[in-house]
Structure formats: structure tokens, C-alpha cells
Amino acid sequence: MKNQKLYSANWHLHLGLLTIYGLLFYMVYTIITTINHGFDFTDEGYYLLSIQNNYNPAYALPQWYIIFRNIFGFLGLDIITVRWIRLVLTIATSLIFSSSLWFIYRQLNHKKATPLNFLLTAGLVTIGSLMCYCWLPQSPSYNDLTQYIVFTSISFSIASTFSKPPFKHPFVPIILAFVAGFIASVVSITKLSVTPMLFVILIVIVLVFAYLNRIAKSRKWMIICGLLCGMGFSTSLILIYPQTRQFFTNLPMTLMFYQNISSGYDSQSLMQGMYIALESAAHMLLLATVSFFIYFILNRLIKKWISDHLLVGATSIFLLTLIFYIIITGHIPTGRINLILPIAFISFFAMVSIIKANWKQNKLIIIGFSLFLILAPLLFTFGTNRMLMMAAFSYLGFWFFPVGLFSHQFSKSSYLVVLAFLLLASLTRFNEAYTNYAYRQPPREKQNTLFAYRNSSIQIDEARAAYLSRLRTSLGKAGFKKGDYILGFYKIPGIVYLMEGQALGGFIWDNKLDRIFCANVSAEDINPQKGLFIIQIEPPSDETKYWLKKEGINLDFFQITDSIQTPPEAQFKNKWTYIYRQ
């Protein structure tokens, strides 16, 4: 009888749970069944090329691949394996992150917290993390690895302040803090610009939650010391390891190279990105605030005649309509809708939940925690040449969690209305961006031709498969052997990777990065017994020719061996691919 009453009281949570895990299963099933489908010649090619053992540019930012291949190199880093690694890490770190957040939820709401709440929040956070498959390549990048570090280190730092630790031993919290610091320091290799922000956030988390859990001052400082010792020990190992030590030795010169180009890495681009982030944050909070006041006024005026879930639903529809109207009229760029939609909606949801909350003593803490969850993705995005808004989507788990955090403050029907909006938006976006228009690829339905690579194969569209087969045959006729040097001009690291060549000097993306590329060629110990070939889609600049000539590579002495029609790619201006040999 007691179980029947509990089920009856939580019927909305059971229905929400069924819906969330139905969508989660669909997303995971779709990713798994298409894990060998598609390939991006540009960004994904760069990520895969980077993690190979023969890729060691002296001047590169970041050098996340050193960490990745040293941890997972024993698995054999082919395309399919790497994609499996990403999927497993995404789900695992999302569950770890969900666990730590749920402990916060349980401590703030110990009377209302149930295992259902954990399952709901874990499902939502995992869906949020999997949504990054919609606008990024399938293989892991430095942004993904940074996300895993951020999620895990924050989780362990929160766990170190639990008033009831998992084990009774008094040193467990200190060990957990040490692990948090140890993991966090690795971010200096994956994304250096995130390091100071992450360190500050971890220390603040320990101080705040140690205070909330009434941990003794001496014990609190022991936990802080454990965190700092973990950071210091990890940093020492990083500086001892030859490749990572070289990264920090070359860092001043690397930063100088990047500061002298205008390709998203200079200070002006950083300031512009910060402005866009703040502007977008202002837009989404303004929209959420306007909708909140409409809800607040209507709730006071017509509460007697309309149920709460209809009021929430009506205000949510107004919010969505307002957002689309502003975008259509051009007041907000269309490209920012992916950021503004979920955050404006979740912010509105959080505002309404806070005023309905009964947590008098914890209300200020809850507001601060909510703001942290909303703003955290923007804090961890600096240090990339992609739009900050695009990079923020690696941390969608931060934005999906408040739905679980505040769910019990709404009526049962209101919760389902909000959840339906969020999951419907997620499903629509996932189907549109992952299934129909994957990152720089044709629709999945056209990826029906196998292309063999090493001991595996990928399924790509017929045009790309024919192009790659012709390219492989042409290189073979020119005398190319696996492991020979290839200079790829431009934006084709994936082609170099699939041809199983060694990218001399790393890779070359555009003529703004020519000097960095040539500096990497100069630093490389070139093996004279290897052949040297060129795969060219766009001709190298005169500056590239000049610097390569200084390194003993005179491009005028290369002879053309074949030309192949390039498949239609938006980022490739030239319709032909040319093959040269020395």
C-alpha cells in the first residue's frame, strides 16, 4: 500500500523518467548504429591525425593529443575505436557529474529527494552531453577532453565536501580532493586558457560546500591542501614528461605565433568572443525575465481561473514565439538560436521555481548555484578559435540539470509541460543536425559506400569513396608508401590521415598559419629515407614557399603526377586535387 501511494504521488516523475530514457536510448542507439558512418576531411581529420604517434609539432596550441594517445593508445586509435571512446567517456563523465550534483540536491532537499530524482537528472545531463554530437565531428577533440576533465574534477571536489562521505575513513575527503586537483591540472595541456578558471572554481566549490556541510575549519583546510597537492603533483608529472615539458618550453614562442595572426587566436578575437558571449547571455536572461514577469503577473491576476500547468505552458509558448520573432526580424543572429533557446527557457523555469521554493535558509545558495550552472559553459569556452557559443555546447549538461534540480517545485502537470518542451527541442535538433546534416557531411542516407582503412572501414557517400580510392591509387603509382611525408595544402588533414601518410610539420589550415606550419617543419627531424609528396587543393602562398625553401624543401622541384576532381565541399574552393612528388 505504501509503495502504491508513493507511485501515485510520483506518477509525473515516472512518466518523465520514461520519456527521458526513451529519448536517451534513441540517441545512443542512433549514434552506435551510425558509428562507422561519415567522415569529415577537415576538423575530424585533424583530431584523428593529431593522436597518431608520428604527429609531434613543436609549436601547436593545444597539445591535448599527447594525453589522449598516452591513455588510449593501446586500443589502436582507428576511426571507429576513437568514436567508441568518445561515446563511453561522454556517458561515463555525465553520470559522474550527475551523481555529484544529485548529492547537492539531496542535501538541500533531503525530505523530497528520491532515487527517481537522481535518475531524472542523470538522464537529462547525459542527453545534454550527447547533444554536442549535433554540431561537432564524431571523433573526440580537445574541447571534448576538456569537458571530461571539467565534469570529473568538479564532481570529485564536490564529493570531498559531502557531510557523509562514501567511506567512513577520515582521509577519504582529502583523497577525493587530491584526485580532483590531479585531474584538473591535465587541462593545462588540453586547453590552457581554462586552467585558471577551473582552479578558482574548484577552490570556491570546496569552500562553499564545506561551509554548507558544517565541516570543521581545520578539516576544511586539509581538503583544500589535498586539492592543491593534487594540482601540484599532477603539474610536476606533466613537466617531467618529455613531450609535455617541450610544450611548456615552446609555449612563449607558440603564443607569439598565434598572437601575430588574425585567425581567432589573437586578443582582438578573444575580446570579440567575450562580447558575443555577454551579449547573448544578456539576450537570454532578458527574454527569460520578461516571460517571468508575465507569468508572475498572470499568476496573481487569474490564478483562480487557470491551472498552474496551463499558465506555465502559455508563458513558455509566448517565450518561444518571442525568441523566433526576434530572430526572424534580425535583432539576434540566427546562429545563436542554439544557445538562446535552451538557456532562456531553463532560466525562466529556474526563476519561477525559485519564487515557489520553500527553502528559506538555502534560497540564496540555490540562486547562486543556478547562476553557476547557467554561466559555467561560457566560462570554460575561452581558448578556441570557434565561436564561443558553439564551444559552450560541450557543456550542455550544466544547462539541462536545473530542470531536474527544480522539478519538485512545480506542479506535476507543469513539470511535464516544461520537460516536453525541452525534450522535443532536443529530439528535433538531434534529428536535424546529426541524422540529416551531420558536421560537414551529406545526409546519413547517402553514406552507403564502404571505404577500407587499415583493418577497418568507414561508410561514406559514393562521391567521397570514389575520390579517396582514386587518390590512393594515384599516390601508389607515384611511389608513395605508408608513412611517407605528405604536405597537404589546404584544410585536408583527414585526407592525409586516410592515406596513412605522415603530416610533415603537422598540418596547414590557411595562409594565416603558414609561419607556424613552417616553424614546425623546421623543428622536425626529417628522415631522408622517406618519400615526400604533396596533396594540393589550394596552392601554397609565396610566404610558405619561401620558408619551406629555407628548410631545404623547394616546391619548384616537385613534379605533378596526377589531378583528381575534388568532391563538392563548401570549404574547398578548388575543384581539383593535385598530387606532386619530389
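Residues numbered from 1 in each chain as written. Predicted model: local features only at pLDDT ≥ 70, side-chain atom pairs only at ≥ 80, totals over all residues. Heavy atoms only, no water.

**Comments concerning the overall build of the chain**
Part 1: A count of helices and strands for the chain gives 24 helices and 7 strands.
Part 2: Counting only residues that meet the buried cut, the chain has 56% of its 582 residues in that class.
Part 3: Within the chain, contacts between residues at least 6 apart in sequence are counted, and of these 74% link residues at least 24 apart.
Part 4: Surface accessibility of the chain: about 25600 Å² in total, with carbon and sulfur atoms responsible for 64%. (Helix = DSSP H or I, 4+ residues; strand = E, 2+ residues; numbered from the N terminus. Buried < 20%, exposed > 50% of the residue type's maximum accessible area, 1.4 Å probe, protein only. Contact = heavy atoms within 4.5 Å. Areas by Shrake-Rupley, 256 points an atom, 1.4 Å probe, with all protein chains shown as cover.)

**A word on helix H8 (residues 172–185)**
Residues spaced three or four apart along an α-helix point in a common direction, a consequence of the helix completing one turn every 3.6 residues.
Part 1: A rise of 1.5 Å per residue sets the reference length of H8, with its 14 residues, at 20 Å; its end C-alpha atoms lie 20 Å apart and thus fit the reference within 8%.
Part 2: Buried within H8 are the following residues: Val 172, Pro 173, Ile 174, Leu 176, Ala 177, Ala 180, Gly 181, Ala 184 and Ser 185.
Part 3: Against the buried residues of H8 lie helix H7 (142–159), helix H9 (187–190), helix H10 (195–212) and helix H11 (217–240). (Expected span 1.5 Å × (residues − 1).)

**A look at the sheet that holds strand E7 (residues 576–581)**
Part 1: What the 5 strands build is an open sheet, ordered E4-E3-E5-E7-E6; its pairing is mixed. Every interior strand has two partners, whereas the edge strands, strand E4 (502–503) and strand E6 (559–565), have only one.
Part 2: Sheet topology note: the strand E3 (residues 485–489)/E4 ladder contains 2 bridges and is parallel. The partner of Ile 486 across the bridge, within E4, is Ala 503.
Part 3: Along the sheet, helix H21 (residues 462–477) contacts strand E5 (532–536), E6 and E7; its crossing angle with E6, the most-contacted strand, is approximately 165 degrees. (Pairing = 2+ DSSP bridges. Axes fitted to C-alpha atoms, helices over the stretch in contact; angles between N-to-C directions.)

**What about a nonpolar patch on the surface?**
Part 1: Residues Ile 32, Trp 84 and Val 88 make up a contiguous nonpolar surface patch of roughly 250 Å² in combined accessible area.
Part 2: For Trp 84, the location among the structural elements is in helix H5 (residues 79–108). (Patch = residues over 30% accessible without salt bridge, like charges linked within 9 Å, V, L, I, M, F, W, Y side chains within 5 Å. Salt bridge = Lys/Arg side-chain N within 4 Å of Asp/Glu carboxyl O.)

**So, H7**
Part 1: In a regular helix each residue adds 1.5 Å, so 18 residues correspond to 26 Å; H7 covers 26 Å between its end C-alpha atoms and thus fits that length.
Part 2: A side-chain oxygen of the first residue of H7 lies 3.2 Å from the backbone nitrogen of Asn 143; this N-cap is Ser 141. (Polar contact = N/O pair within 3.5 Å; in protein donor to acceptor, adjacent residues only side chain to side chain.)

**Details of the packing of aromatic side chains**
Aromatic rings considered in pairs are described by the distance between their centres and by the relative angle of their planes.
Part 1: Scanning the model with the defined rule gives 27 aromatic pairs in all.
Part 2: For the ring pair Tyr 395 and Phe 398, a centre distance of 6.2 Å and an interplane angle of 45 degrees mean the geometry is tilted. For the pair Tyr 395 and Phe 398, one class covers both residues: buried.
Part 3: A network of ring pairs unites the aromatic residues Tyr 46, Tyr 47, Tyr 55, Trp 64, Tyr 65, Phe 68, Phe 72 and Phe 507 as a single cluster.
Part 4: Above the plane of the ring of Tyr 434 lies Arg 444, whose end atom (NZ or CZ) is 4.3 Å from the centre.
Part 5: Over the ring of Tyr 485 we find Lys 530, and its NZ or CZ is 5.1 Å from the ring centre. (Phe/Tyr/Trp six-rings, centres within 6.5 Å; stacked < 30°, edge-to-face > 60°. Lys NZ or Arg CZ within 6 Å of the ring centre and 35° of its normal.)

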